[in-house]
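Chain residues, written in single-letter form:
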Amino acid sequence: MITRMSSLFLRTLREDPADAEVPSHRLLVRAGYVRRVAPGGYSWLPLGMRVLRNVERVVREEMDAIGAQEIQFPALLPREPYEATGRWTEYGPSLFRLKDRKGADYLLGPTHEELFALTVKGEYSSYKDYPVILYQIQTKYRDEERPRAGILRGREFLMKDSYSFDLDDAGLERSYQAHRAAYIRIFERLGLKYVIVSATSGAMGGSASEEFLAESDTGEDTFVRSTGSAYAANVEAVTTPAPAAQSVEDKPAAQVHHTPNTPTIQTLVDFLNAANLGRTFSAGDTLKNVMVKVRQPGATDWELLGVGLPGDREVDMKRLEASLYPAEVALLDEADFTANPFLVKGYIGPEALGANGVRYLVDPRVVPGTAWVTGANKLDHHVVDLVCGRDFTPDGTIEAAEVREGDPSPDGTGTLVAARGIEVGHIFQLGRKFADVFGLDALGPDGKPIRITMGSYGIGVSRVVAAVAEQHHDDLGLVWPRSIAPADVHVVIAGKDEALRSGAEQLAADLDAAGLTVLLDDRTASPGVKFADAELIGVPTIVVVGRGLAKGLVEVKDRLSGERTEVPVEQAVAHLT
Ligand code: ATP
Ligand code: MG
Ligand code: MG
Ligand code: MG
């Protein structure tokens, strides 16, 4: 394809837009890729459309390659499914809500878990139908508090969202890993330098979650990486190991401490101290926010017991002894979390202040309606590794765990250093939260229903365009990776001679015939203006057809390295393919 700039709907700007804070915003506007319409609302002009479509193509190819099937939902959605999951209210002011002429409530979809779950429920019924992965590339709406940096944080933006549906946890793990691998291929093809960080699951719920962050000083996410290994983590997800404390589930199962039957105050104190909860207990102490399990004499099953949970009084050892008598007491271990997905691992209680490495184990259902695990309580789902101050506020105000450069890496390999990134992708193991709400079951081989487990996986397709621009530009303009550049070759006619024009037209036709896309600058503008625009637009190869043509030569310039080569015009196609 040949695109002639004389008729291309493009006007480049010499000046930076006044509101542009970051290079991608500045350059994408100046080079005529996007134009602002409203805060967080941008139109895509022809060159921008090409890059956006190229990103979509890479994403589609890799999604199709893992067997995902493309579908498309409306962005305008009825309230009911989001009401059912609680997200109609949970989204708060970020959700665009509107009414139709009959007064019915609608929303503009911020993400589509509800609709995908309902659609699969509508079409599939047997275990033989599963697993399935569905995706869409679709416009999303979020009334962001601070729309920012052009298309980097829009209120209307393009997202690839996919959803996996599996019969069991092992299936979900496979679907998750397939997405993870696909994302690695996608971001590599897009030429992005990125890290994968473990993430807390935020308002989504679910247990395993990772973010893909494109490294960039202008990014809003801070992550830390270890100097000694590939370990990287979102700062929010990192816990500072508490001095002299050890997290409960780091202990091998054999070391889980039990009290003997018929605990006395002293055996309870010994048990608690052996559990290493981050403080030392004595007989006169009170207990708060501790989850244990108890087994009555002669019983085989353990029962969960919250001690001094919010809303309850603190429990002193005497009362604890009386209430536990004559049961045996033990700490929870990983198996308990597997068996009870509603259990929350988090840090609670003022005693966790300054000792965020200590894990207290709490069942939010024990205290329904309390607010100390905000979000988790409302959603009633399984959340791991809550962070104080961010996910919940126990007993008043608490500072978020701070990770500082220079802290030891949690994997013990080195020291943490901070860096910034742009979240370009996010993968979640949602589990059965949405399937539970909608009763998404498959009929099993034995005629019994199997509850489906889901994953959800997003890529900010429009944000990626800006993230790539952040990483690939210089003082003169954009420098696109070949995979998504708006054209393969930018041919500049540097002069007014008819011979130059026809020579360039011929070259463009030959390049086109060889399968390359060509941007041909056939405008009447001066060579200086054309060169500046070529640098600004950022096509990876620029061919100048100028004075040298009289000697049969054109100049090939590599936009990235700046390297120029004189090439005989008849060898130009071979040189460029
Ligand atoms: P952020 O932390 O940047 O607000 P998010 O965690 O809210 O993003 P997700 O719900 O995980 O976003 O959505 C999946 C992907 O959609 C994100 O990884 C990001 O690439 C993209 N995305 C989210 N919000 C926006 C936005 N306002 N503008 C452009 N892309 C966005
Ligand atoms: Mg967000
Ligand atoms: Mg995020
Ligand atoms: Mg996210």
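Above this text you will find the structure in question.
Along every chain, residues carry numbers that run from 1 in the direction the sequence is written. For naming, the first written chain is A and the first written ligand is 1, with later ones following in the order written. Where local features are concerned, this predicted model is filtered to residues with pLDDT of at least 70; where side-chain atom pairs are given and counted, the filter is 80 or more; whole-chain, interface and lining totals use all residues.

K.L.:
Looking at this structure, I do not really get the overall build of the chain. What am I missing?
P.N.:
A count of helices and strands for the chain gives 15 helices and 31 strands. Neighbour counting defines burial: a residue surrounded by 20 or more other C-beta atoms within 10 Å of its own C-beta is buried, one with 12 or fewer is exposed, and intermediate counts give partly exposed, using backbone-placed C-beta atoms. When burial is assessed residue by residue, the chain has 42% of its 577 residues classed as buried. In the chain, once contacts between residues fewer than 6 apart in sequence are set aside, the share between residues at least 24 apart is 70%. The secondary structure listing takes helices from DSSP runs of H or I that are at least 4 residues long and strands from runs of E that are at least 2 residues long, numbered from the N terminus. Residues are defined as contacting one another if the C-beta atoms placed from their backbone atoms lie within 7 Å.

K.L.:
Looking at this structure, how should I read the site of ligand 1?
P.N.:
Here is the check we use: build the C-beta atom from the backbone, and if it is within 6 Å of the molecule or strand, call the residue near. In the vicinity of ligand 1 there are 15 residues, among which F157, H426, G458, G460 and R463 approach most closely. Looking at the shell around ligand 1, the elements that each hand over two or more residues are β9 (156-166), β21 (416-431), β24 (453-460) and α12 (461-471). The element best represented in the shell around ligand 1 is β21, accounting for four residues.

K.L.:
Would you mind going over the environment of A419 with me for this structure?
P.N.:
In this fold, A419 is placed in strand β21. Separated by 211 residues in the primary sequence, A419 and A208 have C-alpha atoms spaced 23 Å apart. Apart from the residues lying within four places of it in its own chain, the contact partners of A419 are E215, F223 and R225.

K.L.:
Looking at this structure, I do not really get unusual backbone geometry. What am I missing?
P.N.:
The phi torsion of most residues other than glycine is negative, and most of the peptide bonds are trans. Residue P131 is reached from Y130 by a cis peptide bond, and omega for that bond is 0°. Along the chain, the position of P131 falls in the loop between α5 (113-123) and β8 (132-141). Backbone geometry places A149, a non-glycine residue, at a positive phi of 55°. Secondary-structure assignment places A149 in the loop between β8 and β9. Residue A149 is classed as buried on the basis of its C-beta count, with 25 C-beta atoms lying within 10 Å.

K.L.:
Explanation requested: the sheet that holds strand β6 (residues 96-99) in the structure shown.
P.N.:
Sheets are built from strands paired through backbone hydrogen bonds, the pairs being either parallel or antiparallel. Strand pairing requires that DSSP identify at least two bridges connecting the strands. Across the sheet, three strands lie side by side as β5-β7-β6; this open sheet has antiparallel pairing. With partners counted over all chains shown, the strands left at the sheet margins are β5 (76-78) and β6, one partner each. If you compare each strand with its neighbour and ignore which way they point, the axes differ by 40° on average. Pairing of β6 with strand β7 (residues 105-108) involves four bridges; the strand directions are antiparallel. Its bridge partner lying in β7, K99 is registered against D105. Lines fitted to C-alpha atoms define the axes here, with helix axes fitted over just the stretch in contact, and angles between the N-to-C directions of these axes take values from 0 to 180 degrees.

K.L.:
What is the right way to look at α12 in this model?
P.N.:
Because an α-helix packs 3.6 residues into every turn, residues spaced three or four apart end up facing the same way. Within α12, eleven of the eleven residues are buried, leaving the element largely enclosed by the surrounding structure. For α12, the full list of buried residues reads V461, S462, R463, V464, V465, A466, A467, V468, A469, E470 and Q471.

K.L.:
Looking at this structure, how should I read the packing of helix α2 (residues 46-65) against α12?
P.N.:
In a packed pair of helices, the relevant descriptors are the angle between the two axes and the axis-to-axis distance. The geometry of α2 relative to α12 is characterised by a closest axis approach of 9 Å and an angle of 110° between their N-to-C directions. Classified by the angle between their axes, α2 and α12 sit roughly perpendicular to one another. Once α2 is placed against α12, the crossing between them reads as right-handed. Only V461, S462, V464 and V465 of α12 make contact with α2, whose side of the interface consists of V51, L52, V55, E56 and V59. Should an angle fall under 35 degrees it is called roughly parallel, over 145 degrees roughly antiparallel, and 65 to 115 degrees roughly perpendicular, with every other angle called oblique. In a left-handed crossing the near helix is turned counterclockwise from the far helix by less than a right angle, and in a right-handed crossing that turn is clockwise.

K.L.:
Looking at this structure, I do not really get the sheet that holds strand β1 (residues 2-4). What am I missing?
P.N.:
Judged by pairing direction, the sheet is mixed, and its six strands sit side by side in the order β1-β28-β27-β29-β30-β31 without closing on themselves. Every other strand in the sheet has two partners, leaving β1 and β31 (564-568) as the edge strands with one partner each. Taking each pair of neighbouring strands and ignoring which way they run, the sheet shows an average axis angle of 25°. Examined bridge by bridge, strand β29 (residues 541-545) and strand β30 (residues 553-558) share four bridges and lie antiparallel to one another. Bridge pairing links T541 to D558 in β30. Sheet strands in contact with helix α14 (residues 527-537) are β27 (489-493), β28 (518-521) and β29, and its direction is about 170° off that of β27.

K.L.:
Looking at this model, I keep getting lost on helix α1 (residues 23-30). Mind explaining?
P.N.:
Of all eight residues making up α1, eight are buried, and the element is well covered by its neighbours. Within the sequence span of α1, burial applies to P23, S24, H25, R26, L27, L28, V29 and R30. Where α1 is buried, its residues contact β2 (34-38), α2, α12, β25 (473-474), β26 (477-478) and α14. One or two positions beyond α1, positive phi appears at G32, with a value near 75°.

K.L.:
Sorry if this is basic, but what is going on with the pairing of β24 here?
P.N.:
In terms of burial, β24 is largely enclosed, as eight of its eight residues are buried. On β24, burial covers both faces: T453, G455, Y457 and I459 on one face and M454, S456, G458 and G460 on the other are all buried. Across eight bridges, β9 lies against β24 in antiparallel orientation. Among the inter-strand pairings, K160 is bridged to a residue of β24, identified as I459. Sheet topology note: the β21/β24 ladder contains six bridges and is antiparallel. Of the residues in β24, the one forming a bridge with H426 is G458.

K.L.:
Sorry, what's going on with the environment of A84 here?
P.N.:
Along the chain, A84 turns up in helix α3 (residues 80-85). According to the C-beta neighbour criterion, A84 is partly exposed, with 15 such atoms within 10 Å. The spatial distance from the C-alpha of A84 to the C-alpha of D488 is 49 Å, given a sequence separation of 404 residues. Other than its neighbours up to four places away in sequence, A84 contacts V437 and F438.

K.L.:
Would you mind going over the nonpolar core with me for this structure?
P.N.:
Here is a general trend for soluble globular proteins: nonpolar side chains tend to be buried in one another's company. With 98 residues, the main nonpolar core has V55, V424, V491, L507, V543 and V545 as its most contacted residues. Leave out the neighbours within four places in its chain, and V55 touches L190, V461, V464, V465 and I484. Under the definition applied here, buried Ala, Val, Leu, Ile, Met, Phe, Trp, Tyr and Cys residues are grouped into a nonpolar core through C-beta atoms within 7 Å.

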